[in-house]
Amino acid sequence: MDGNFQDSSGDEAMEKSVDVETPADPDPKDLKREDIQRACKERDVEALVEHATSKDGLLDDELRQSAWPILLGCDQTAETADAPAWNDLPRHRDEDQVKLDVDRSFVYYPNCPQKELCDRKQELSDLITETLRRYPMLCYFQGYHDIAQVLLLVLGTQLARQAFVRVSLFRIRDYMLPSLSPAVKHLQLIPAILESTDPKLRRHLAGTQPFFALAATLTWYAHDIQEYGDIARLYDFLLAHEPVVAIYLFAAIILSRRKELLTIPVREPEILHFTLSKLPQPLDLEGLIISSLELYRAHPPESLPFRAWQRISRHSALKTSRKLALDSPTEEAEKLFDLQTRELRREEFRKRTYAVMWRYRKPAGSVALAILIGLVSFYIRRNGLDTSIWNYVGKFKEAFHYARW
């Protein structure tokens, strides 16, 4: 009897022990969320960069609303009450184009009722127009609205205002100059990166200029990526690194398509261009982010061949915005914009001058040679060097005569 009682109580104890729930392991995303919140609170840029780069980035828009302004160096206390209302400022010269682009915005996202979409478009128009009116030297480019709409959707109207200014002045400033020639120089980094890592592929693409990457790099890929979650996650990565990393990302995309590209004959550059101008589907975003950073670390800009990095202006955003989260005043970016604009005009003047000289190279060359000879002759005679020089010429002719024999 006692034995039976002990057995049954032992069974009950075993059943109770089985029923006791072991504590579940914490969700890694929950832990990451807490770490991101802590990093935002402490303004720990290094930790934010690590989280923005790791898998799934900054996880959600609520966290991005805290993290992105920090990565951009926004200072929410910088706005002063005495600043004029933007709609009282003079109209920007590019506002007609802004309207056209805003009318065809939000193609892929968000999926919302027509009324809400119209409100979004008005908010987008206000965001872009305010930035252009406050910084009238900026030149609008088609695709600028693609970047603006991502910031607007993620951050909301208020936070997006200063963030968009920081992106415009410190990240994509080169694209807002009076000419797109600086953007073209950015693209020339792509073949240099390919040469560093895969010379065979670079040679295969040598007949195709890297203009295929213009739309993607100008818009930070917002023009091509159709899923809102993907573009928001990619912007986590791009905002957490210096601007040139966006170029390395396109090089990584090309390298990921190596096998496909090598099957296209070199004699068909149009097909190569078409293929390269479209992002691969599906897009392995996490894998490309890892590959981009590996490329950047193995072949930093300063080490690239063809003097590709040296050809980038020292006033370029690629070179002046290499440190993250600096709360540099916007006046600094405006000054750099002015310096680069002047440099650009001098460069274009030289190109026009060389073009004219080349066109009239034969008569100009004859005149220049005649003037040069005249000046040298005058200098020689004025300094009494004509006798000694002709003596040297005679000796040279004599030596040359004997050398022929």
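In what follows, the structure referred to is the one given above.
Described in the following lines is the structure provided in the data block.

Conventions adopted
Residues numbered from 1 in each chain as written. Predicted model: local features only at pLDDT ≥ 70, side-chain atom pairs only at ≥ 80, totals over all residues. Heavy atoms only, no water. Helix = DSSP H or I, 4+ residues; strand = E, 2+ residues; numbered from the N terminus. Buried < 20%, exposed > 50% of the residue type's maximum accessible area, 1.4 Å probe, protein only. Contact = heavy atoms within 4.5 Å. Areas by Shrake-Rupley, 256 points an atom, 1.4 Å probe, with all protein chains shown as cover. Axes fitted to C-alpha atoms, helices over the stretch in contact; angles between N-to-C directions. Parallel < 35°, antiparallel > 145°, perpendicular 65-115°, else oblique. Left-handed = near helix turned anticlockwise from the far one by under 90°. Expected span 1.5 Å × (residues − 1). Phe/Tyr/Trp six-rings, centres within 6.5 Å; stacked < 30°, edge-to-face > 60°. Polar contact = N/O pair within 3.5 Å; in protein donor to acceptor, adjacent residues only side chain to side chain. Core = buried A, V, L, I, M, F, W, Y, C linked by side-chain atoms within 4.5 Å. Domains from an automatic or database assignment.

A count of helical and extended segments in the protein gives 20 helices and zero strands. Per-residue burial for the protein yields a buried fraction of 42% across its 405 residues. Counting only contacts in the protein whose residues sit at least 6 apart along the sequence, the fraction spanning at least 24 positions is 76%. Taken as a whole, the protein presents about 23,600 Å² of accessible surface, with 55% of it coming from carbon and sulfur.

A separate point is the packing of helix α6 (residues 114-134) against helix α7 (residues 144-171). Between α6 and α7, the shortest axis-to-axis distance is 9 Å and the interhelical angle comes to 70 degrees. On the basis of the axis angle, α6 is roughly perpendicular to α7. Handedness of the crossing formed by α6 with α7: left-handed. Contact with α6, carried on its side by R120, E123, L124, L127, I128, E130, T131, L132 and R134, involves Y144, H145, A148, Q149, L152, L153, T157, A160, R161, F164, V165 and S168 of α7 and no other residues of that element.

So, on to helix α12 (residues 228-239). Compared with an ideal rise of 1.5 Å per residue, which puts 12 residues at 16 Å, α12 spans 16 Å between its outermost C-alpha atoms and is within 8% of the ideal. Across the 12 residues of α12, nine count as buried, placing the element largely inside the fold. All of the buried residues along α12 are I231, A232, R233, L234, Y235, D236, F237, L238 and L239. Considering only its buried residues, α12 is in contact with α3 (45-53), α4 (61-71), α7, α13 (245-256) and α16 (285-298).

Further remarks concern the packing of aromatic side chains. In the structure shown here, the tally under the stated rule is 10 aromatic pairs. Ring geometry for Y221 versus F250: centroids 6.4 Å apart, planes at 25 degrees, classification stacked. On the criterion of sequence distance, the pair formed by Y221 in the loop between α11 (214-218) and α12 and F250 in helix α13 is long-range, its members being 29 residues apart. Just as Y221 is buried, F250 falls in that class too. Chaining the aromatic ring pairs together yields one cluster made of Y140, F141, Y144, F164 and Y175.

Along the chain, P110 turns up in the loop between α5 (95-103) and α6. Take P110: its relative accessible area is 25%, and that puts it in the partly exposed class. Note: C-alpha distance between P110 and Y228 (118 residues apart in sequence) is 7.5 Å.

Each neighbour pair has its own omega, and for Y109 with P110 the value is 0 degrees, a cis peptide bond. Of note in this structure, W220 is not a glycine but carries a positive phi near 50 degrees. Of note, W220 is situated in the loop between α11 and α12. According to the relative accessible area criterion, W220 is buried, its value standing at 4%.

Attention shifts here to helix α2 (residues 28-42). Between its first and last C-alpha atoms α2 spans 21 Å; for 15 residues at 1.5 Å apiece the expected length is 21 Å, and the two agree. Of the surrounding elements, those touching the buried residues of α2 are α3 and α4. For α2, the N-terminal capping position is held by D27, with its side-chain oxygen 3.0 Å away from the main-chain nitrogen of K29. Directly after α2, the chain includes R43, whose backbone phi takes a positive value near 50 degrees.

For the rest of this paragraph, the subject is the nonpolar core. Counting residues in hydrophobic clusters, the biggest one holds 104 residues, and the most contacted among them are I128, Y221 and I254. Residue contributions to this core peak at 16 residues, all from α7. Lining this core are residues from two domains, each supplying at least three of them: domain 1 (60-77 + 85-171) and domain 2 (179-328). Among all residues touching I254, those that are not within four sequence positions of it are I190, L194, L201, L205, F212, L261 and L276.

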